[in-house]
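The residues making up each chain are set out below.
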Amino acid sequence: MQQPSRVKYRKMQSGHPGLAGQAGTGNKLSFGDFGLQALESAYITARQIEAARRAITHELRRGGDVWVRIFPDKPVSKKPQETRMGSGKAPVDHWVAIVKRGRMMFEVGGVSEEQAKSAMRLAAHKLPIDVKFVARSNGEIHEAKL
């Protein structure tokens, strides 16, 4: 699973301030010919990212190239159940990536469209949000909902 090697502050305030609006950057195909684009805003955990990446790699039989365009850099803390209030903020439980609507999450290159579509469909099942399949062909980009 991914997580930052070091951060300036161990714990971050909770809340969802970064989820409003659409993604201004990272919303186009940059590296590969096919991509998986988010249709909703959400926190995606490091475990979900890794599960989707593994599904893509397994389906492509280690052929082609896979780019993961999101990184979990927000720490989320969690107190144990049945703990009394107070006694400080809990330790970091897991890491999440803030994904806005329109963000390109995964890209694939060097494979056929059928292979890429089936791999992205499997990856979409591992994610908690709706996504769409985006393809680049002859300079034009076309989209299909999975």
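The coordinates are above.
To start, this report covers the structure provided alongside it. (Residues numbered from 1 in each chain as written. Predicted model: local features only at pLDDT ≥ 70, side-chain atom pairs only at ≥ 80, totals over all residues. Heavy atoms only, no water.)

Right, let's get into the pairing of strand S2 (residues 42–45). Side-chain alternation along S2 places Ala42 and Ile44 on one buried face and Tyr43 and Thr45 on a second face that is also buried. The pairing of S2 with strand S5 (residues 92–99) spans 4 bridges and is antiparallel. When the sheet's bridge partners are listed, Tyr43 is paired in S5 with Ile98. (Buried < 20%, exposed > 50% of the residue type's maximum accessible area, 1.4 Å probe, protein only. Helix = DSSP H or I, 4+ residues; strand = E, 2+ residues; numbered from the N terminus. Pairing = 2+ DSSP bridges.)

Another point: the sheet that holds strand S7 (residues 131–137). Sheet strands line up and pair through hydrogen bonds in the backbone, either parallel or antiparallel. Strand order in the open sheet made by the 5 strands is S3-S6-S1-S7-S8, with antiparallel pairing throughout. The open sheet has two edge strands, strand S3 (65–68) and strand S8 (140–145), and neither has a second partner. The sheet shows a mean angle of 20 degrees between the axes of neighbouring strands, direction not considered. With 5 bridges joining them, strand S1 (residues 34–38) and S7 adopt antiparallel strand pairing. Its bridge partner lying in S7, Leu36 is registered against Phe133. Helix H1 (residues 46–59) rests against S3 and strand S6 (104–109) of the sheet, and its axis sits at about 20 degrees to S6. Of the strands in this sheet, S1, S6, S7 and S8 are in contact with helix H2 (residues 113–125), which crosses S1 at around 30 degrees. (Axes fitted to C-alpha atoms, helices over the stretch in contact; angles between N-to-C directions. Contact = heavy atoms within 4.5 Å.)

For H2, built from 13 residues, the straight-helix expectation of 18 Å at 1.5 Å per residue is met to within 8% by its first-to-last C-alpha distance of 18 Å. Tucked into the core, H2 has its buried residues touching S1, H1, S6 and S7. (Expected span 1.5 Å × (residues − 1).)

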